[in-house]
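This is what each chain is made of:
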Amino acid sequence: MTVALAIVLTGIGTYLSRAIFIVALAERRFPPLALRVLEYVAPAVMGALIVSMLTTPSGDVQIAAPELVGLGVAALVAWRSRNHILTLVAAMFSFWSMLALFA
Amino acid sequence: MGDATLQIRRGIAESIPLFIPAIPFALVFGVVVGESGVAPWLGWSSSPIVFGGAAQITLLSLLGEGASVAAAVTAALIVGARHLLYSVTLAPRFQNQPRWFRWLGPYVLIDQVFALAMVRHDEDPAAFRRYFLSVGFTFWTLWMLCTAAGLFIGPLVPDKWQIAFAAPVLFTALLVTAVDRWQKLLVAVVAGGLTVVFADLPNRSGLLVGALLGIGLGLLLELVRRRK
């Protein structure tokens, strides 16, 4: 039963973290500076999230040549093509090639 | 075909490529539930109840390792704390919207939905609402199916494929789409660099520290820009 309790608590907490400002700020006016700063949330969170995804559960960041090449190819292809599927195929292919080279 | 149908179809079509990075998460989730000793249906129930891959994986792996309910829930919520930032950021877009949407929309506010909603500059609230909900519930439906499949398939995928790398790749693509001036690129790089520096903080909180300091830098850059 403790597992069910943990899942329900996490569900409530997750929902609240997504809803709180949307519901609470529904009628307020946003100052212009605040709106401009909010534009930086997406780049900052994504930059941090990418690194976090390359971190092992014990806290080691795994960024070696294959990861760097894979992400570099991803950035380049995404910038030139704006096509997510093409980006994924190109980046995974170069990542696997690098892994094979270094193995 | 009316405008509404068109917006809904567009939402569905734009969701599907972005769902691909979630597939490795669904497989990893399947592995974690399998190793945790939790009944598969109970582990899967976290998909509709929590609807957040990283939080679900954190929660079940910690419970599987014998962590207390308090510790596991706290860790999962810290991993999911970036949703607070999404909520603040999207709050202006939820003004001039009906109340039911303000309560329902956040339930499907995952990373990809946030990223897609942010790059939309719809003037019309009804168009934004249709797009948001069709994106959100496309991801929702796919996640329910894939986490169920992950319970069976996850344990079968060879580790050496490292399919989890698809996740940072797709987020890099999203980041590139979101960057339209050098200040944003700088903020992204600094936030990522600081996350490396703070990587060994407990419960993955390095992610939050890096992101918050990056946003702080964004504030500074905006103050400088204004003075000019």
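Computed from a predicted model, the values in this text were never measured in an experiment.

What counts, and where the lines are drawn
- Residues numbered from 1 in each chain as written.
- Chains lettered and ligands numbered in written order.
- Predicted model: local features only at pLDDT ≥ 70, side-chain atom pairs only at ≥ 80, totals over all residues.
- Heavy atoms only, no water.
- Contact = heavy atoms within 4.5 Å.
- Buried area = accessible area lost by both parts, 1.4 Å probe.
- Salt bridge = Lys/Arg side-chain N within 4 Å of Asp/Glu carboxyl O.
- Polar contact = N/O pair within 3.5 Å; in protein donor to acceptor, adjacent residues only side chain to side chain.
- Helix = DSSP H or I, 4+ residues; strand = E, 2+ residues; numbered from the N terminus.
- Core = buried A, V, L, I, M, F, W, Y, C linked by side-chain atoms within 4.5 Å.
- Buried < 20%, exposed > 50% of the residue type's maximum accessible area, 1.4 Å probe, protein only.
- Domains from an automatic or database assignment.
- Axes fitted to C-alpha atoms, helices over the stretch in contact; angles between N-to-C directions.
- Parallel < 35°, antiparallel > 145°, perpendicular 65-115°, else oblique.
- Left-handed = near helix turned anticlockwise from the far one by under 90°.
- Nonpolar A, V, L, I, M, F, W, Y, C, P; charged D, E, K, R; others polar.

## Focus: the interface of chain A and chain B
Taken together, the contact between chain A and chain B spans 69 residues of the former and 78 residues of the latter. Interface of chain A and chain B: buried area, both sides summed, is about 6,800 Å²; carbon and sulfur atoms make up 77% of it. Where chain A touches chain B, the interface holds three salt bridges. Connecting chain A to chain B are 15 residue pairs in polar contact (both at pLDDT 80 or more). For the side of chain A that touches chain B, the secondary-structure elements that each account for two or more residues are helix H1 (2–24), helix H2 (32–38), helix H3 (41–53), helix H4 (65–81) and helix H5 (84–102) of chain A. In terms of residue count, the dominant contributor to the side of chain A that touches chain B is H1 of chain A (20 residues).

## What about the nonpolar core?
Leu90, Leu109, Phe132, Phe139 and Val169 of chain B are the most contacted members of the largest nonpolar core, which has 63 residues in total. A domain split of this core shows at least three residues from each of domain 1 (3–160) and domain 2 (179–228) of chain B. Once residues lying within four places of it in the same chain are set aside, the contact partners of Leu90 of chain B are Leu109, Phe114, Ala117, Met118 and Phe132 of chain B. Counting residues in hydrophobic clusters, the runner-up holds 19 residues, among them Val3 and Ala6 of chain A together with Leu42 and Ala72 of chain B.

## As for the packing of H3 of chain A against helix H13 (residues 206–227) of chain B
For any two helices packed against each other, one specifies the inter-axial angle together with the distance between the axes. Look at H3 of chain A against H13 of chain B: their axes get within 8 Å of each other, and the N-to-C directions meet at 150 degrees. As summarised for this structure, H3 of chain A and H13 of chain B are arranged roughly antiparallel, according to the angle between their axes. Crossing handedness for the pair H3 of chain A and H13 of chain B: right-handed. Packed against H3 of chain A, whose contacting residues are Val41, Ala44, Val45, Ala48, Leu49 and Ser52 of chain A, the element H13 of chain B presents Leu207, Ala211, Gly214 and Ile215 of chain B at the interface. Of the residues assigned to the contact of H3 of chain A with H13 of chain B, the class counts are eight nonpolar, two polar and no charged.

## Quick word on the environment of Ala126 of chain B
Residue and element names in this part refer to chain B. Mapped onto the elements, Ala126 comes out in helix H10 (residues 125–153). Taking the relative accessible area as the measure of exposure, Ala126 reaches 18% and is therefore buried. With 28 residues separating them along the chain, Ala126 and Pro98 place their C-alpha atoms 9.6 Å apart.

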